[in-house]
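Here is what each chain is made of, one letter per residue.
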Amino acid sequence: MKVQDIRPAIGSNRNKKRVGRGPGSGHGKTSCRGHKGQNSRSGGGVKPGFEGGQMPLQRRLPKRGFASPNRVEYTILNLSDLERLGLDEVTPEKLLEDGAIKNARDGIKILGMGELTRAVKVKADAFSASAIKKIQAAGGTAEVL
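No experiment lies behind these values; they were computed from the predicted model shown.

A. Broad picture of the environment of Pro92. Relative to the assigned elements, Pro92 resides in helix 3 (residues 92–98). Between the C-alpha atoms of Pro92 and Ala124, which are 32 residues apart in sequence, the distance is 6.7 Å. Excluding its chain neighbours within four sequence positions, the residues that come into contact with Pro92 are Ile101, Ile108, Lys123 and Leu145.

B. Region of the structure containing a nonpolar patch on the surface. Nonpolar side chains collect at one region of the surface, where Met1, Val3 and Ile6 lie side by side and expose about 430 Å² of accessible area between them. Looking at the element boundaries, Val3 is found in the segment before helix 1 (57–60).

C. Summary view of the sheet that holds strand 4 (residues 121–124). Spatially, the 3 strands line up as an open sheet ordered 2-4-6, and their pairing is parallel. Every interior strand has two partners, whereas the edge strands, strand 2 (89–90) and strand 6 (141–144), have only one. When strand 2 meets strand 4, the two strands line up parallel, connected through 2 bridges. Looking at strand 4, one finds that Glu89 is bridged to Lys121.

D. Region of the structure containing the pattern of salt bridges. Under the definition given, this model contains 5 salt bridges. Glu73 serves as the salt-bridge partner of Arg105, at 3.6 Å between the closest nitrogen and oxygen. Of the two residues, Arg105 sits in the loop between helix 3 and strand 3 (108–111) while Glu73 sits in the loop between helix 1 and strand 1 (75–78), which places them 32 residues apart along the sequence. For Arg84, the salt bridge identified is with Asp81, shortest N-O distance 3.3 Å.

E. Just the nonpolar core, in detail. With 16 residues, the main nonpolar core has Leu82, Val90, Leu95, Ile110 and Val122 as its most contacted residues. In this structure Val90 touches Leu82, Leu95, Val120, Lys121, Val122 and Lys123, once residues within four positions along its chain are discounted.

F. Geometry of the sheet that holds strand 1. Taken together, 3 strands build an open sheet; the order of strands is 1-3-5 and the sheet is parallel. Edge positions in the sheet fall to strand 1 and strand 5 (126–127), since each has one partner strand and no second. Pairing of strand 3 with strand 5 involves 2 bridges; the strand directions are parallel. Bridge assignment links Lys109 to a residue of strand 5, and that residue is Ala126.

Analysis parameters
- Numbering of residues begins from 1 in every chain and follows the order in which that chain's sequence is written.
- Two thresholds apply to this predicted model, a pLDDT of at least 70 for residue-level local features and 80 or more for giving and counting side-chain atom pairs, whereas whole-chain, interface and lining totals are computed over all residues.
- Neither water nor hydrogens contribute to the side-chain values; these are computed over all heavy atoms in the structure.
- We count a stretch as a helix when DSSP gives it H or I for four or more residues in a row; a strand needs E for two or more, and each element gets its number in order from the N terminus.
- Pairs of residues are marked as contacts when any of their non-hydrogen atoms sit within 4.5 Å.
- Note on patches: the residues involved have over 30% relative accessible area and no salt bridge, like charges join within 9 Å, and the nonpolar side chains Val, Leu, Ile, Met, Phe, Trp and Tyr join within 5 Å.
- With residues, only the protein chains shown are counted as cover, and all accessible areas are computed by Shrake-Rupley using a 1.4 Å probe.
- Note on definitions: salt bridges are taken to be side-chain nitrogens of Lys or Arg within 4 Å of carboxyl oxygens of Asp or Glu.
- Strand pairing is defined by DSSP finding a minimum of two bridges between the two strands.
- As used here, the term nonpolar core means buried Ala, Val, Leu, Ile, Met, Phe, Trp, Tyr and Cys residues forming a set that is joined through side-chain atoms within 4.5 Å.
- A simple rule labels every residue: compare its accessible area, found with a 1.4 Å probe on the protein chains alone, to the largest value its type can have, and call it buried under 20%, exposed over 50%, or partly exposed in between.

Treat this as a map of the structure, not an account of what it does.
Put into structure tokens, the structure is as follows:
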């Protein structure tokens, strides 16, 4: 099979429906919209969620919860990720540089999943208790920024 031989499956591509092009087309006069009514008008139709005057679902359901404006959203990284990077010193700048994280959000938090086999100096905004324990057990240091 060659690229120049690739074709769409027969019947998968259909011509665009051309409406309002005379009675012979079968789609003339009212252009498949029917006679009168809201949907026959230009700009006609109801807004999304409108249920004909019945109380719409998004208003029938109760509001729930609370979104804190002060929420801190960390970018998380596990010890297994640090092990794979092979760095002796880990800082947010180095993690961004190496592509280990895309953006630092409100800071970086190191979690304790995985093992460290060598001493690593880690600087981050937050650590889990198990991460600190494992970093220190490997002979490294965990510094909170």
